[in-house]
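So you can see what is in the structure, the chains are spelled out below.
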Amino acid sequence: MSSSDNGAHRRGRTLAEKVWDDHLVVKGEDGNPDLIYIDLHLVHEVTSPQAFDGLRQAGRPVRRLDLTIATEDHNTPTVNIDKPIADLVSRTQIEALRTNAAEFGMRLHSLGDIEQGIVHVVGPQLGLTMPGITVVCGDSHTSTHGAFGAMALGIGTSEVEHVLATQTLPLKPFKTMAINVEGALRPGVTAKDIILAVIAKITTGGGQGYVLEYRGSAIRSLSMEGRMTICNMSIEAGARAGMVAPDQITFDYLEGRPHAPQGQDWVDAVEYWKTLPTDDDAVFDAEVFLDASELEPFVTWGTNPGQGVSLSETVPNPADITDPNERASAERALAYMDLEAGTRMKDIQVDTVFIGSCTNSRIEDLRAAADIMRGHKKADNLRVLVVPGSARVRLEAEAEGLDQVFKDFGADWRFAGCSMCLGMNPDQIAPGERCASTSNRNFEGRQGKGGRTHLVSPLVAAATAIRGTLSSPWDLENLVADEAIANGAVN
Amino acid sequence: MEKVSRVTGIAVPIKQSNVDTDSIIPAEFLKRVTKTGFEDALFYAWRQNPDFVLNQPRYAGAKVLVAGPDFGTGSSREHAVWALRDYGFRAVLSSRFGDIFRGNSGKQGLLAAQVAEEDIQRIWSLIEATPGLEVTVDLEARTVTVGDFSTAFEIDDYTRWRLLEGLDDIGLTLRDEAKITEFEATRAGWRPRTLPVK
Ligand code: SF4
């Protein structure tokens, strides 16, 4: 990646290379990693207690409290948030964060605070996530922040301790991969479908060692929310990070946010940010191409995010898979998911619909789901959970009346947090239950022991909640027509 | 961190690809705030099955895990490494590791050795054929030896050096503290701050 200093002629650089080069504190010699400066460190309760323990043991302070911010998200309940947390272990973890924040002087947004929420929703919302910076968090979905043209890396707890103590990380250069998505999405097809299709194409290991840069007209036309959805799931392709070059959409999203630069700083920042997009003569280590106009609403059938198909297809037959490991994994997945090869995806009945998580819990996601649900009722024998990504998203949704749409539909409207994305709080699915989820992981037991997860977009989640089987908005037009016919309005 | 140079012990075959960190340690155990005592959580869901390899007496006291490709993918949870370490594992062999898992291993003194897929299969058949057969992972020589069979493994030089020396990451970095301070002085005013500047 740090390619610039070895050749006589200097080739153009990619976005990722530029951000990397601008954060180089010490260049690693003899195969040692580079020491990279970290602009923003996001902290939550799950991966930080042991890091603070480490600091305490070694008698080290937090080096840059002014570049560090914490929120509570994984363990927080989404109902009765004014009551003490019932689960003792959840409470212990959250209390540990509160104690550590108080002891070290770290800014923390606790449950009930207006800025509380999923860490990857809170950073962008505050305007802390911006182009050209390095962002880390002890959470793999930190890749979300790459949507702004930031280098955003998920790290482990030892690395959390390292950043707290030094504000740097020793990192090996990455390879770069361009994911070119050209063409216009059809109505009803969203950013979530793009990324599920990308992962199905390159597989869950395909991005290993790479920083992915999402490019092309389909990406350029996405909102920041859509770009965040895509970058969020880079990690599911095995990549270290995902990025989108900053443009006017990025600047417009940022301008005026509480921590966005102001005055001359804003002018300087935008001038610099405009230099960040990948140079025309830069070379990626790998390239992938996808035609957005061919995409359909996508859904997973298996137990890793690469095991997905278009919703109009059927459950694949493992016998058709040539790679023996992939085949075995597909067989195991079908057994776990209790699915038979050849079943139409649309015939699969679900018990729960979850709309939330750092992949799809921003205001735009909630609006999209509400637009589908408005004027409908959920199917019988199915529960629907809508969990906003942050306290602010919740307020915003309520100001727009979305909460009423969800309630009229028959959905549960909850307080902000990770919730059923991984069920560390009481929001879980029961053994054998099947869930259409807008989250990012369909691993065995992810949403509750023995639970079965199908990853979908908010639009598919909402359509599924209406019909009771996996469905896309495309199926709904028929349903609406059918109802109309039944009511005698049309013949 | 303890120095690691050679691991010898019973090896357990995990004959599956894509063993993600949710399987290695389910999310419910992430609630703990301590850094040790995770041995009971390792492969918790799978261990409910009496036939699971770790429940077989012949693999008691194992120190080496021999897994299919893409071991440790998914969630960044370092608890996966602590659970393996607390259970007694000192080395994991696979033809491919999740990036974050591999990084976490190096920092906790767990040797993640990349071994060719066909060698993994060979090792599986050897250890299954002879109960009690020990495997030696030699970090100096970068070799894995099982009975008469020996093969090379890959690990990057930096991680190897740190494991051999038992070096703590933060201490290493702080040797460059002057350079960090120098870099900080050049940071542009627009870059984010979570607190008002003092
Ligand atoms: S919403 Fe899910 S994926 Fe996102 S940070 Fe929370 S637990 Fe992780």
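Residues numbered from 1 in each chain as written. Chains lettered and ligands numbered in written order. Predicted model: local features only at pLDDT ≥ 70, side-chain atom pairs only at ≥ 80, totals over all residues. Heavy atoms only, no water.

So, about the overall build of chain A. On a plain count of helices and strands, chain A comes out with 16 helices and 19 strands. What you see for chain A is a C-alpha radius of gyration of 22 Å, in line with the 23 Å of a compact globule of 491 residues. Each principal axis of the C-alpha atoms in chain A carries an extent, and together these give about 70 × 55 × 50 Å. The proportion of buried residues among the 491 residues of chain A is 66%. A sequence separation of at least 24 residues applies to 75% of the contacts in chain A between residues at least 6 apart. For chain A, the exposed surface amounts to about 16,700 Å²; the carbon and sulfur share of it is 48%. Charged side chains in chain A number 44 positive and 67 negative. The centres of these two groups are separated by 3 Å. (Helix = DSSP H or I, 4+ residues; strand = E, 2+ residues; numbered from the N terminus. Rg over C-alpha atoms; globule rule 2.2 N^0.38 Å. Buried < 20%, exposed > 50% of the residue type's maximum accessible area, 1.4 Å probe, protein only. Contact = heavy atoms within 4.5 Å. Areas by Shrake-Rupley, 256 points an atom, 1.4 Å probe, with all protein chains shown as cover. Lys, Arg positive; Asp, Glu negative; His and termini not counted. Charge placed at Lys NZ, Arg CZ, Asp CG, Glu CD.)

Residues and elements named next belong to chain A. Read across the sheet, five strands follow the order 17-16-15-18-19 without closing on themselves; strand pairing throughout is parallel. Of all strands in the sheet, those with a lone pairing partner are strand 17 (412–413) and strand 19 (452–455), marking the two edges. The sheet contact formed by strand 15 (residues 352–355) and strand 18 (residues 434–437) spans three bridges and is parallel. Residue pairing for strand 18: V353 is matched across the bridge by A436. Sitting on the sheet, helix 15 (residues 458–467) is in contact with strand 15, strand 16 (383–386) and strand 18, with an inclination near 150° to strand 15. (Pairing = 2+ DSSP bridges. Axes fitted to C-alpha atoms, helices over the stretch in contact; angles between N-to-C directions.)

What follows is about the interface of chain A and chain B. The partner chain B presents 58 residues to the 78 residues of chain A that form the contact. Carbon and sulfur atoms supply 55% of the area buried between chain A and chain B, which totals about 5,400 Å² over both sides. When the buried area of chain A at its contact with chain B is split by residue, A:Q50, A:R63 and A:Q208 rank highest and sum to 11% of it. Viewed at the interface, chain B and chain A are joined by nine salt bridges. For B:R191, the salt bridge is made with A:D39, and the minimal N-O distance between the two is 2.9 Å. Scanning the region where chain A abuts chain B turns up 25 residue pairs in polar contact (both at pLDDT 80 or more). Examining the composition of the side of chain A that touches chain B, we find that seven residues originate from one element, helix 5 (residues 157–166) of chain A, more than from any other. Tallied by class, residues from the side of chain A that touches chain B come to 29 nonpolar, 28 polar and 21 charged. (Buried area = accessible area lost by both parts, 1.4 Å probe. Salt bridge = Lys/Arg side-chain N within 4 Å of Asp/Glu carboxyl O. Polar contact = N/O pair within 3.5 Å; in protein donor to acceptor, adjacent residues only side chain to side chain. Nonpolar A, V, L, I, M, F, W, Y, C, P; charged D, E, K, R; others polar.)

So, on to the pattern of salt bridges. Once their charged atoms are close, side chains differing in charge can pair, the charge on each being opposite to the other. Applying the stated criterion to the full structure yields 43 salt bridges over all chains. With its nearest N and O atoms 3.1 Å apart, the salt bridge here joins A:E103 to A:R56. Remark: A:R56 occurs in helix 2 (residues 49–58) and A:E103 occurs in helix 3 (residues 88–104); sequence separation between them is 47 residues. A salt bridge links A:E398 to A:R394, with the shortest nitrogen-to-oxygen separation between them at 3.1 Å. Taken as a pair, A:E398 and A:R394 lie in helix 13 (residues 391–399) at a separation of four residues, close to a single helical turn. Overall, the relative accessible area of 27% leaves A:E398 in the partly exposed class. A residue is classified by how much of its surface remains accessible, and A:R394, at 14% relative accessible area, is buried. Salt bridges sharing common partners tie together A:R63, A:R64, A:D66, B:E177, B:E184 and B:R193.

For the rest of this paragraph, the subject is the nonpolar core. Core analysis: the largest hydrophobic core is formed by 93 residues, its most contacted members being A:M151, A:I179, A:Y214 and A:W273. If we skip the residues at most four places from it in the chain, A:Y214 touches A:I179, A:I195, A:I219, A:I230, A:C231, A:S234, A:G242, A:M243 and A:V244. (Core = buried A, V, L, I, M, F, W, Y, C linked by side-chain atoms within 4.5 Å.)

Our focus in this paragraph is the site of the ligand. As a matter of local geometry, the ligand sits amid A:H74, A:I118, A:H120, A:D139, A:H141, A:S357, A:C358, A:C418, A:C421, A:L422, A:N440 and A:R446. With respect to the detected pockets, the ligand is housed in the largest cavity. (Near = heavy atom within 4 Å. 1 Å grid on protein atoms, 1.4 Å probe; cavity = no way out; pocket = protein on both sides within 12 Å on 5 of 7 lines; lining within 4 Å. Sits in = over half its atoms within 2 Å of the grid points.)

This part covers helix 4 (residues 99–107) of chain B. All names here are of chain B. Across the nine residues that make up helix 4, a large majority, seven, are buried. If you check which residues of helix 4 are buried, you get D99, I100, F101, N104, S105, G106 and K107. G109 sits one or two positions beyond helix 4 and adopts a positive phi of about 75°.

Residue and element names in this part refer to chain A. With respect to burial, strand 9 (residues 175–182) is a largely interior element, six of its eight residues being buried. The pairing of strand 9 with strand 10 (residues 210–215) spans six bridges and is classified as parallel. Across the sheet, residue A178 finds its bridge partner in strand 10, namely E213. Once the chain exits strand 9 it traverses helix 6 (residues 191–202) before rejoining the sheet at strand 10, and the crossover so formed is right-handed. Summarising the sheet, strand 9 and strand 12 (residues 286–291) pair through six bridges and their orientation is parallel. Bridged to I179 within strand 12 is V288. (Right-handed = clockwise from strand over helix to strand, strands pointing away.)

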